[in-house]
Amino acid sequence: MLTDEPVPRESPANWSPFACPDATIEVLARPRLVSQRTFQDVLDRRRSSVGKTVDWTSIADLLWYSAGLKGYAQAGRAGLPIGWSASPSSGGLQSIAIVCISDDGSASRLYDPVNHAFVVLPADGAAVSQENRNDVLSVTGAENGCTLRLIGDRSKLLAAYENADSLLFRDAGAVLATICLCAEWLDLCACPLGFLGNSLLPQLDLPTDRFQAVGAIQISGKIVPNAPE
Ligand SMILES: Cc1cc2nc3c(=O)[nH]c(=O)nc-3n(C[C@H](O)[C@H](O)[C@H](O)COP(=O)(O)O)c2cc1C
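Described below are features of the structure shown in this document.

How each quantity is defined
Counting restarts for each chain, with residues numbered from 1 along the sequence as it is written. Only residues with pLDDT of at least 70 are given local features in this predicted model, and only at 80 or more are side-chain atom pairs given and counted; all residues enter the totals for whole chains, interfaces and linings. In this description, a nonpolar core means buried residues of the types Ala, Val, Leu, Ile, Met, Phe, Trp, Tyr and Cys, linked to one another by C-beta atoms lying within 7 Å. Counting other C-beta atoms within 10 Å of each residue's C-beta, where C-beta atoms are placed from the backbone, gives the exposure class: buried for 20 or more, exposed for 12 or fewer, partly exposed between. Any two residues are considered in contact once their C-beta atoms, placed from the backbone, lie within 7 Å. Defining nearness, a residue is near a molecule or strand when the C-beta atom obtained from its backbone falls within 6 Å of it. Secondary structure elements follow DSSP: runs of H or I no shorter than four residues count as helices, runs of E no shorter than two count as strands, and numbering proceeds from the N terminus. Put simply, Ala, Val, Leu, Ile, Met, Phe, Trp, Tyr, Cys and Pro go in the nonpolar bin, Asp, Glu, Lys and Arg in the charged bin, and everything else, Gly too, in the polar bin. Strands qualify as paired when DSSP identifies two bridges or more between them. Note on geometry: axes are C-alpha line fits, over the in-contact stretch for helices, and angles between N-to-C directions span 0 to 180 degrees. Helix span, as expected, comes to 1.5 Å for every residue beyond the first. Comment on the angle field: the value is read as roughly parallel under 35 degrees, roughly antiparallel over 145, roughly perpendicular from 65 to 115, and oblique elsewhere. Left-handed is the label given to a crossing in which the near helix is rotated counterclockwise from the far helix by less than a right angle, and right-handed is the label when the rotation is clockwise.

1. Observations regarding the nonpolar core
In step 1: Core analysis: the largest hydrophobic core is formed by 61 residues, its most contacted members being Leu 62, Ile 98, Leu 150, Ile 179, Ala 183, Ile 217 and Ile 219.
In step 2: Non-local contacts of Ile 179, meaning those with residues more than four positions away in its chain, are made with Leu 62, Ser 66, Leu 148, Ala 190 and Ile 217.

Listed below in structure tokens is the structure:
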């Protein structure tokens, strides 16, 4: 059950990273501009909202600050790779992957937080984008922007813990809050989305016996009243 107490395994199970056959890699530049806004201002002003469409560079910058790994070790808890980012994660296992789906209909991208790169997925980008647009519209009444789908690698947590399921959802909550705060800091709109999102995994060629979708966040551009487009 989701509420069963997690316990580190005495004998860790086997785990290996997921390989995306036919994916291409897009290496990203580290952001050079740092927002001048204070943490106090970010805490005061963060609100959930959906604005206008947003470019991929803004998404990449947001991901670097909120999810990019600032430290990494090949073997930590249970001998598994661990890492450190702005979000805490159970056992340092960083079990939440982020798949980005833009309203521009282009290919979906899995964020690689170790190398700050996008893994461009071979799935049909236009079809996934349309399905995603419907999902976002159904829970927000809006559809602009890029959806960051949080996809838990359940197999990694299960390799390290018995009763790991609640850890996955708590890890997702930590990532969600960090992304929302970083989005505000970067003057972007962020809106958590209430669905889990498992139904899209087959279309993304992500196996459902390994991955569990654990929510999403809609990122978009802020609409400044009376500003030229
Ligand atoms: C787990 C979670 C799921 C949410 N799902 C939705 C959603 O599906 N649609 C939506 O418009 N807002 C959603 N929200 C945003 C909440 O409605 C919002 O956080 C709340 O009204 C408080 O407003 P604030 O975020 O502006 O402070 C969600 C928030 C969380 C934490």
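Next comes the rest of the description.
2. Focus on the site of the ligand
In step 1: The full set of residues close to the ligand is Arg 47, Ser 48, Val 139, Thr 140, Cys 191, Pro 192, Leu 193 and Gly 194.
In step 2: Considering every element that reaches the shell around the ligand, the biggest residue donor is strand S10 (residues 188-193), with three residues.
In step 3: Partitioning the shell around the ligand into residue classes produces four nonpolar, three polar and one charged.

3. Some thoughts on the sheet that holds strand S6 (residues 109-112)
In step 1: Strand order in the open sheet formed by seven strands is S2-S7-S6-S5-S8-S11-S10, with antiparallel pairing between adjacent strands. A strand with exactly one partner marks an edge of an open sheet, and here the two such strands are strand S2 (24-27) and S10. Strand-to-strand twist of the sheet, defined as the mean angle between neighbouring strand axes without regard to direction, takes the value 30°.
In step 2: Each of strand S5 (96-102), S6, strand S8 (146-153), S10 and strand S11 (211-221) touches helix H2 (residues 56-67); the most contacted strand, S5, lies at about 165° to it.

4. Here's the deal with helix H5 (residues 165-185)
In step 1: The first and last C-alpha atoms of H5 sit 31 Å apart over 21 residues, in line with the 30 Å expected at 1.5 Å per residue.
In step 2: Buried residues of H5: Leu 167, Leu 168, Asp 171, Ala 172, Val 175, Leu 176, Ile 179, Cys 180, Cys 182, Ala 183, Glu 184 and Trp 185, and no others.
In step 3: Backbone geometry just after H5 places Asp 187 at a positive phi near 60°.

5. Points about the packing of H2 against H5
In step 1: Relative orientation of the contacting elements H2 and H5 amounts to 130°, with a least axis distance of 9 Å. As far as their axial angle goes, H5 and H2 are oblique. The handedness of the crossing between H2 and H5 is right-handed. Contacts between H2 and H5 pair Leu 62, Tyr 65, Ser 66 and Ala 67 from the former with Val 175, Thr 178, Ile 179, Cys 182 and Ala 183 from the latter.
In step 2: The class makeup of the residues in the contact of H2 with H5 is seven nonpolar, two polar and no charged.

6. What about the pairing of strand S7 (residues 117-120)?
In step 1: Relative to S7, S2 runs antiparallel, the two sharing four bridges. Of the residues in S7, the one forming a bridge with Thr 24 is Val 120.
In step 2: Bridge count for S6 against S7 is four bridges, and the pairing is antiparallel. Paired with Asp 112 across the bridge in S7 is Ala 117.
In step 3: Hairpin connection between S6 and S7: a loop of four residues separates the two successive antiparallel strands, and His 116 in this loop has a positive phi of roughly 45°.

7. Some remarks on unusual backbone geometry
In step 1: In this model, Gln 94 sits at a positive phi of 45°, which is unusual for a non-glycine residue.
In step 2: Within the secondary structure, Gln 94 is located in the loop between strand S4 (82-84) and S5.
In step 3: Judged by local crowding, Gln 94 falls into the buried class, with 26 C-beta atoms found within 10 Å.
In step 4: Of note in the backbone geometry, Asp 205 takes a positive phi value of approximately 60° without being a glycine.
In step 5: Turning to its location among the elements, Asp 205 is positioned in the loop between S10 and S11.
In step 6: Of the residues examined, Asp 205 has 15 C-beta atoms within 10 Å and is grouped as partly exposed.

8. Topic: the environment of Ala 86
In step 1: When you line up the elements, Ala 86 lands in the loop between S4 and S5.
In step 2: As a C-alpha pair, Ala 86 and Ile 179 span 93 residues in sequence and 9.2 Å in three-dimensional space.
In step 3: Apart from the residues lying within four places of it in its own chain, the contact partners of Ala 86 are Tyr 65, Ser 66 and Thr 178.

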